[in-house]
Amino acid sequence: MKTKLTFAAAALAAALLPATGQAVLMKPAPVHGPHIDLSWVPDLPPGDPLFTHQWHLRNTGQTAFSQSAGTPGQDMNLWITHLLGIQGVGVNVAIIDDGLEINHPDLAANIRPGSRDFVNNDDDPTPTSPDDTHGTSVAGLTAAVGWNGIGGRGVAPRAGLKGYNWLNSQTVDGWLMSHGTTARTQDVRVYNQSYGYSVINPISYDLPNDPSLALEEFVYEDVTRNTHQGRGSLFVKSAGNNYNYFYAWLGAQLGAGLVFPADLFDPNRVGPANNGLPMQDSNLTPTNASYWNLTVSALDAHGKRSSYSSVGANVFLSAPGGEFGVDAPAMVTTDLTGCEAGMNRITIAENGLHGGTELDPNCDFRGTMNGTSSSAPNTSGAVALLMSANPALSWRDVRHILASTATKTDPDSVGVPLTFTQASGEPATYDAIPGWQTNGAGYDFHNFYGLGRVNIDSAVMMALHYDSPLPPLQVTDWMSTTAAVAIPDATVAGASSTFVATQDDFVVESLQVRVDIDHQRLNDLAIELISPAGTRSVLLSPRTGLVGQSVNPEVQGFSKQLMLSHHFYGEEIEGEWQLVVRDTNGGEHVWIAYLDPQNAFFVDLPNNAQDGVLKSWDIRFFGHEEK
């Protein structure tokens, strides 16, 4: 440890807390684009009083009770879908969270039998704590009742809801029940998981030696592929809210705390903290890197990355998540009822909706919901609409439709370049997070946004006319490559290794890579994969909060570190795949461990004394044979 933070910096930290193969699956032309102005179309009666403030449903440039406005048109593009009467009928969504107020006036009509309270062992997951509002707010984004003259509405305002307060009692049995293994969820087709965690140490994806992780993977795959007479279910997952900092277990010596970049409070800093790079890559936890989870990042009311949203090659789509509802719009959604519970309390007035208003006199709604915890249920609602529009769709067809119709949001985003001094003394600029790229099959991809923003009207139009389902899913075996290549310190050329795929009839939907690397400072490393078509996917961005080696010197590298990419959607497998690992820092690295306002420390993470080694890597593909 180096030195203690000044009290002013610690106080500021406290204030920041929350909050070249031929392609065969070419992206189709859109059926309906988001450029069509539908602002003149009236709402269906009776209207919901808060609907006009729900920018994610229909963005007219409203403030959503915050101090600034959004950009008109930057929304989920669902107006035609709702006017056609496609509103989620017949599709049930499981809200796996901290509870769900099943008698809430704007949710009760959509509650279906099968909820479970794991704390009190009964069937009512309504929170008993006034602070457990998260799941109720999540549920409202997905399926608050529409056109009932109350509050706002959900993306799928007639979908069914079930609640599971698993976050408050995290047992294996509770996880299994809430994730689809019992009769309670046999009629659930969408599972919303607005939760996750962050790490300072790598996690090995070694299923034979990790029975808990193996069980999770088995359940995810089984429920996804085999339920609903083979049509399957979809697990939707939040990408994380850890772009700028995150909360994690820091080891027995320190306990739990926040991980900040060292320059976050530097008044002389030029440019954004941490070189503008994410402190936590969403690909770093096995759940987020699981193919069976559709992982979603968050957008603000201008159609750009929400300031906090985690990102990565594992992100499939992006959807509205908002900002914090004070300076800029957050989500307007359901809250625990009454002015003495939830986030809309008499004593909490940072948003113009809060504290009791004419539109919400009983404080049953809130204007500060945000996070990828919001983008996930918005996406779950979109999935429910597609399944309702065409019940014959399989889970993969739904994913394919969403991928094929997604909007290229924030099209001018250049990503994040990183400039550093190499070991030779020469400067180098590395494209640490590329801007938008069009892959060999015509699909656009960006680590911030995945395949793009959910575009519901276009997706529903495609679903209604969908007559060419994808061929059966094929998953290859893990294919291993021994590299044994040195990773030179602070050298942009890095280390590379190749694998040649010989299959000539396989179309990629997604892929996973596992790496074994010896390295003494893991957050220097950038890992990328280049396809035979020349598409470049950054699997792991550098300068993350993988700082555990400063408190546990036994951590020496990656062992079977799992990473997922959707960047190659629609490309062919055949040809040479190149893995490149770069060390991007030869200087010092310091981070801040923030335990509480009186205990915030700078922590040194010394540079590696010798070059690292890319020992080996494995790859497997998810996809299908050519049609």
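Check the entry above for the structure.
Scoring rules and cut-offs
- Residues numbered from 1 in each chain as written.
- Predicted model: local features only at pLDDT ≥ 70, side-chain atom pairs only at ≥ 80, totals over all residues.
- Heavy atoms only, no water.
- Core = buried A, V, L, I, M, F, W, Y, C linked by side-chain atoms within 4.5 Å.
- Buried < 20%, exposed > 50% of the residue type's maximum accessible area, 1.4 Å probe, protein only.
- Helix = DSSP H or I, 4+ residues; strand = E, 2+ residues; numbered from the N terminus.
- Contact = heavy atoms within 4.5 Å.
- Salt bridge = Lys/Arg side-chain N within 4 Å of Asp/Glu carboxyl O.
- 1 Å grid on protein atoms, 1.4 Å probe; cavity = no way out; pocket = protein on both sides within 12 Å on 5 of 7 lines; lining within 4 Å.
- Points joined across faces, edges and corners; volume = space filled by probe spheres on them.
- Nonpolar A, V, L, I, M, F, W, Y, C, P; charged D, E, K, R; others polar.
- Pairing = 2+ DSSP bridges.
- Lys, Arg positive; Asp, Glu negative; His and termini not counted.

Engineer: Give a description of the nonpolar core that names residues and reports values.
Structural biologist: Ranked by internal contacts, the top residues of the largest apolar core, which has 96 residues, are Leu161, Leu386, Leu402 and Ile456. By residue number, the principal contributor to this core is helix α6 (residues 372–389), which donates eight residues. The contact partners of Leu161, leaving out residues within four places of it in the chain, are Val93, Ile95, Leu100, Leu107, Asn110, Ile111, Arg112, Ala139, Thr142 and Ala143. With 33 residues, the next largest nonpolar core counts Ile517, Leu522, Leu529 and Val555 among its residues.

Engineer: Describe the pattern of salt bridges, listing the residues and the values that go with them.
Structural biologist: Once the charged atoms of two side chains with opposite charge are near each other, the side chains can pair. Under the criterion given, the structure shown has 14 salt bridges. Put simply, Lys162 and Asp187 hold a salt bridge, and the shortest N to O gap is 2.5 Å. Here Lys162, found in strand β2 (residues 160–164), pairs with Asp187, found in the loop between α4 (172–178) and β3 (188–193); they are 25 residues apart in sequence, far enough to count as distant. For Lys162, a relative accessible area of 2% puts it in the buried group.

Engineer: Give me the lowdown on the layout of surface pockets, citing residues and values where you can.
Structural biologist: When its volume is computed, the second largest pocket comes out at roughly 340 Å³. Of the residues assigned to the lining of the second largest pocket, the class counts are six nonpolar, four polar and five charged.

Engineer: Mind laying out the pairing of strand β18 (residues 506–518), listing which residues take part and the relevant values?
Structural biologist: Counting buried positions over the 13 residues of β18 gives 12, a clear majority of the element. Relative to strand β25 (residues 612–625), β18 runs antiparallel, the two sharing 12 bridges. By the bridge assignment, Phe506 is partnered in β25 with Glu625. As defined by bridge partners, β18 adjoins strand β21 (residues 557–565) across seven bridges and the pair is classed as antiparallel. Paired with Arg514 across the two strands is Leu562, which belongs to β21.

Engineer: So what's going on with empty space enclosed by the protein? Residues and values would help.
Structural biologist: Computed from the structure, the largest cavity encloses a volume of approximately 40 Å³. Around the largest cavity sit Tyr291, Phe316, Arg396, Arg399, His400, Glu509, Ser510 and Tyr569, which together line it. If you list the elements that add at least two residues to the lining of the largest cavity, you get α7 (395–405) and β18. Among the elements that make up the lining of the largest cavity, the one with the highest residue count is α7 (three residues). Considering only residue class, the lining of the largest cavity consists of three nonpolar, two polar and three charged.

Engineer: Just give me the short version of the environment of Val398, but keep the residues and values in it.
Structural biologist: The topology assignment puts Val398 in helix α7. Classification of Val398 as buried rests on a relative accessible area of 0%. In this structure the C-alpha to C-alpha distance between Val398 and Ala384, which are 14 residues apart in sequence, comes to 9.7 Å.

Engineer: Break down the side chain of Arg305 for me, citing the residues and quoting the values.
Structural biologist: Along the chain, the position of Arg305 falls in the loop between β7 (293–299) and β8 (317–320). Summary of buried charges: Arg305 has no salt-bridge partner, and the nearest side chain of opposite charge, Glu323, is 7.1 Å away. If near-sequence neighbours (up to four positions away) are discounted, Arg305 is found in contact with Tyr243, Ala298, Leu299, Asp300, Val311, Glu323, Phe448 and Tyr449.

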